[in-house]
Amino acid sequence: MMRSKHILYTGLLILFLLPFQACDDEAFLEQTPESFYTVDNIFQSSEQVDQVLVTLYRINRDLNIFNGQIKGLGTDVLTSPDFRYGGNFSDYSRINSETGAFRSIFDHYYNMISIANTALNAAELESVTWESEEDKSYATAQARFFRAYAHGCLAELFGGVPIVTELVTEPRFDYERATREATYQFAIDEMEAILNNLPETTTQDGRVVKGAAQHYLAEFYLGLGIESSNSSAYDKAIQHATSVIDGGTYALNTERFGPRKDDVNPFVGRANVWWDLFQHDNISYNDGNKECVWVFPIDFDAFKAGDNGSYLNYPRNFSPVGRAIPGVTGVAEDVGGRGVAIWRPTDLVIDLLWDESISSGDIRNDESNIRRKIYYNDPDHEGGALVGQEVPQSAIDETNNGMGWIFPIFEKLTTDQFVGLDQGENRSNLFRDEYAIRLPETILLRAEAYLRKGENQKAADDINSIRSRANCDYLVAAGDVDIDFILDERARELFAEESRWHTLLRMGGTVATDRIKANAYYEHVAQTLTFDYNLWPIPQSVIDRNKDVLLEQNPGWN
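All of these numbers come straight from a predicted model, not from anything done at the bench.

*Asks:* Before we go on, may I ask you to explain the overall build of the protein in this structure?
*Replies:* A tally of helices and strands in the protein yields 21 helices and eight strands. For the protein, the C-alpha radius of gyration of 24 Å lies close to 24 Å, the compact-globule estimate for 558 residues. Seen through its C-alpha atoms, the protein measures out along the principal axes to roughly 75 × 50 × 50 Å. Taken across its 558 residues, the protein has 61% of its residues classed as buried. For the protein, the share of sequence-separated contacts (at least 6 apart) that also reach a separation of at least 24 residues comes to 72%. Taken together, the 49 basic and 86 acidic charged side chains of the protein have centroids lying 2 Å from each other.

Below, the structure is given as structure tokens:
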């Protein structure tokens, strides 16, 4: 199950046990076994139960790495370039309760719940033996973690949803929506119940640790407080976040670290601790990165061994098409790899966040981390006379006209040292671990909880701990802190790391739609987004199949 120090995410022969089916003639959460095997007779060992847990890790990793909506597509931070307009998530004349992105993510989380319930059921079978009660407790804690996590994420995106705690063995058409508050509370109760069964750290990269549960407790308590207007929920959010921040296990990296701490970004001749944060063999807690609370293991050896999801397609998806500029050629490191610009950052992420008044000195905006300068490199263009010269903005604008495929290279999403080139790789992918939770996100959760309690100075102190590490000349005062500032700071720190839709919709009110209208890449967004919402719609196909009980649609999506 392990290769190197990573979980090897493999397919399971028992996947037919999973109850969430997509076919229109099957019930919501219906299970349709395709053989005579059942949960009661297929499981004979604890290793088989663990394989179900490995499936949970795999599907969660794949959603968070490969899904554009989770990354924030269509929000204030991420869009698609003009030439990929058809794949955009911004024209609200075309977005409705049948939009596939909603159904895909809804299904994903219920699939996770189903698998977790399968593991919990199997763990209690008499046919399954455990080496120790501790092993069993950790296995069931992992399953309950994912069940809680999925319900909490559903509450953030869709509001109150059916709470499913049992393995479904027969078709049902009578699911009832819980309230959003009750859904958050279920996730919280589950997470709190397993804390003592989760280790502080683990030698097996990617496995759930206590800090991950505490992080999500802080997040879900924030959501509960917003939904219920109960300030005691903010106190609990602060309590759990503080356990992670000040518990002694994790810490911000304030000095250069890791195997490349003496290296520089070769294209600008310098580097810093922010650059170090995204280097190969420098992500995981077990690599010495005390900022990493939870990690998605990515490994080239695992990829070659059959884990087809063990890669980051960031250079392909996030890198610009620099070769479209006359005089710029290639798909090598100097242009960010083999970029095809599936997604592009919005103007907020490229420029507005980095106004000199707020971001002077900020190393996150340094050329070593966001490369804004493009250089001619084609020796066949103009006889090679321009090689090494900076491409003027006028040439970039001319190339971008109607295409939108030239934008800065975010070094956290590419590398100057690609892996696997000698084995057929082509600079489309990274083979390094990826953060599931990085400590600054926990700090910003606590800052938000302090703000919502009216303790603005404590919120400012938390934000400034991150800004100080980033070498910002300007540290914020209590009066600077509001929700928009926290969202901006999250974008500066966590672009392409956080699940931006979860963050915006959790905020409630009109935060999501206000931010989208103000910062969307396309002008037509404000024209077509004619209603406010703070929840995604329940997929219409789910409503239609749950024929015995009406699942009410979320406001604005009828």
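Now that the structure has been shown, the text picks up again.
*Asks:* Can you help me understand the layout of surface pockets in this one?
*Replies:* Take a probe with the size of a water molecule and roll it over the atoms, and the empty space left behind shows itself. Roughly 440 Å³ of volume is contained in the largest pocket. Around the largest pocket, the lining comprises 19 residues; the ones closest to its centre are E134, D135, Y138, A139 and Q142. Looking at the lining of the largest pocket, the elements that each hand over two or more residues are α2 (46-66) and α5 (133-158). With six residues, the top contributor of residues to the lining of the largest pocket is α5. Residues that form the lining of the largest pocket fall into these classes: five nonpolar, eight polar and six charged. In this structure, the second largest pocket encloses a volume near 360 Å³. What lines the second largest pocket is a set of 20 residues, and nearest its centre among them are Q393, I396, I406, F407 and P408.

*Asks:* Explain empty space enclosed by the protein to me, please; I cannot follow it from the model alone.
*Replies:* For the structure shown, the criterion picks out 11 cavities of 30 Å³ or more. Every element with two or more residues in the lining of the largest cavity is listed here: α2, α3 (68-71), α5, α7 (210-228), β8 (434-438) and α18 (500-506). Residues of the lining of the largest cavity, tallied by class, amount to 10 nonpolar, five polar and nine charged. If you add up the space inside the second largest cavity, you get close to 140 Å³. Lining the second largest cavity we find 16 residues, and of these T202, R207, V209, Y285 and V293 sit closest to its centre. Broken down by class, the residue content of the lining of the second largest cavity amounts to seven nonpolar, six polar and three charged.

*Asks:* Is there a simple way to think about the confidence of the model for the protein in this case?
*Replies:* Should the pLDDT be low somewhere, the predicted coordinates at that spot are not to be read in detail. On average, residues of the protein score 93 in pLDDT, and 93% of them are at 70 or above. Averaged pLDDT values for the elements of the protein fall to 38 in strand β1 (residues 2-3) and rise to 99 in helix α15 (residues 439-452). This stretch, residues 10-36, has a pLDDT under 50; its non-local contacts, to residues over four places away or in other chains, come to 71 contacts.

*Asks:* I'm lost on the packing of α2 against helix α4 (residues 100-123) in this one. Help?
*Replies:* The angle between the axes and the distance between the axes are what describe a pair of packed helices. Remark: α2 packs on α4, axes separated minimally by 9 Å, with the N-to-C direction vectors making an angle of 165°. Considered as vectors, α2 and α4 are oriented roughly antiparallel to each other. At the point where α2 passes α4, the crossing takes the left-handed sense. Seen from α2, the contacting residues are V49, V52, L53, T55, L56, I59, N60 and L63; seen from α4, they are I105, H108, Y109, N111, M112, I115, A116, A119, A122 and A123. Classifying every residue of the contact of α2 with α4 gives 14 nonpolar, four polar and no charged.

*Asks:* I tried to follow the packing of aromatic side chains on my own but got confused; where do I start?
*Replies:* We describe a pair of aromatic rings using the distance from one ring centre to the other and the angle between the two ring planes. In total, this model carries 40 aromatic pairs according to the counting rule given. Both rings, one in F102 and one in W557, keep their centres 5.5 Å apart while their planes meet at 75°; by these two values the pair is edge-to-face. Remark: W557 occurs in the segment after α21 (540-545) and F102 occurs in helix α4; sequence separation between them is 455 residues. Members of the aromatic cluster, each reached through a chain of ring pairs, are F89, Y92, F102, F106, Y110, F158, W501, F531, Y533, W536 and W557. Sitting over the ring of Y435, R438 keeps its end group 5.4 Å from the ring centre. Of note, K547 hangs over the ring of F173, and the distance from its end group to the ring centre comes to 4.7 Å.

*Asks:* What exactly am I supposed to notice about the environment of I325 here?
*Replies:* Structurally, the position occupied by I325 is in the loop between α11 (314-318) and β5 (344-345). Residue contacts for I325: discarding those within four places in its chain leaves I374, V391, I396, T399 and I406.

*Asks:* Explain α2 to me, please; I cannot follow it from the model alone.
*Replies:* Every α-helical turn comprises 3.6 residues, leaving residues that sit three or four positions apart pointing alike. Here α2 is 21 residues long and its end C-alpha atoms lie 30 Å apart, about the 30 Å a rise of 1.5 Å per residue gives. The buried fraction of α2 is high, at 16 of 21 residues.

*Asks:* Mind showing me how you'd approach the pattern of salt bridges here?
*Replies:* Pairing between side chains of opposite charge can happen when the charged atoms of each approach one another. Across all of its chains, the model carries 48 salt bridges by this definition. The residue E448 makes a salt bridge to R506 at a minimum N-O spacing of 2.9 Å. Of this pair, E448 sits in helix α15 while R506 sits in helix α18, placing them 58 residues apart in sequence. The same class applies to E448 and to R506, which are both buried. With its nearest N and O atoms 2.9 Å apart, the salt bridge here joins E498 to R490. You'll find E498 and R490 in the same group, each marked buried. Taken together, the shared-partner salt bridges in this structure form one network comprising E291, D362, R364, K412, R438, R467, R469, E489, R492, E493 and E497.

Calculation criteria
Residues numbered from 1 in each chain as written. Predicted model: local features only at pLDDT ≥ 70, side-chain atom pairs only at ≥ 80, totals over all residues. Heavy atoms only, no water. Helix = DSSP H or I, 4+ residues; strand = E, 2+ residues; numbered from the N terminus. Rg over C-alpha atoms; globule rule 2.2 N^0.38 Å. Buried < 20%, exposed > 50% of the residue type's maximum accessible area, 1.4 Å probe, protein only. Contact = heavy atoms within 4.5 Å. Lys, Arg positive; Asp, Glu negative; His and termini not counted. Charge placed at Lys NZ, Arg CZ, Asp CG, Glu CD. 1 Å grid on protein atoms, 1.4 Å probe; cavity = no way out; pocket = protein on both sides within 12 Å on 5 of 7 lines; lining within 4 Å. Points joined across faces, edges and corners; volume = space filled by probe spheres on them. Nonpolar A, V, L, I, M, F, W, Y, C, P; charged D, E, K, R; others polar. pLDDT = per-residue confidence, 0-100. Axes fitted to C-alpha atoms, helices over the stretch in contact; angles between N-to-C directions. Parallel < 35°, antiparallel > 145°, perpendicular 65-115°, else oblique. Left-handed = near helix turned anticlockwise from the far one by under 90°. Phe/Tyr/Trp six-rings, centres within 6.5 Å; stacked < 30°, edge-to-face > 60°. Lys NZ or Arg CZ within 6 Å of the ring centre and 35° of its normal. Expected span 1.5 Å × (residues − 1). Salt bridge = Lys/Arg side-chain N within 4 Å of Asp/Glu carboxyl O.

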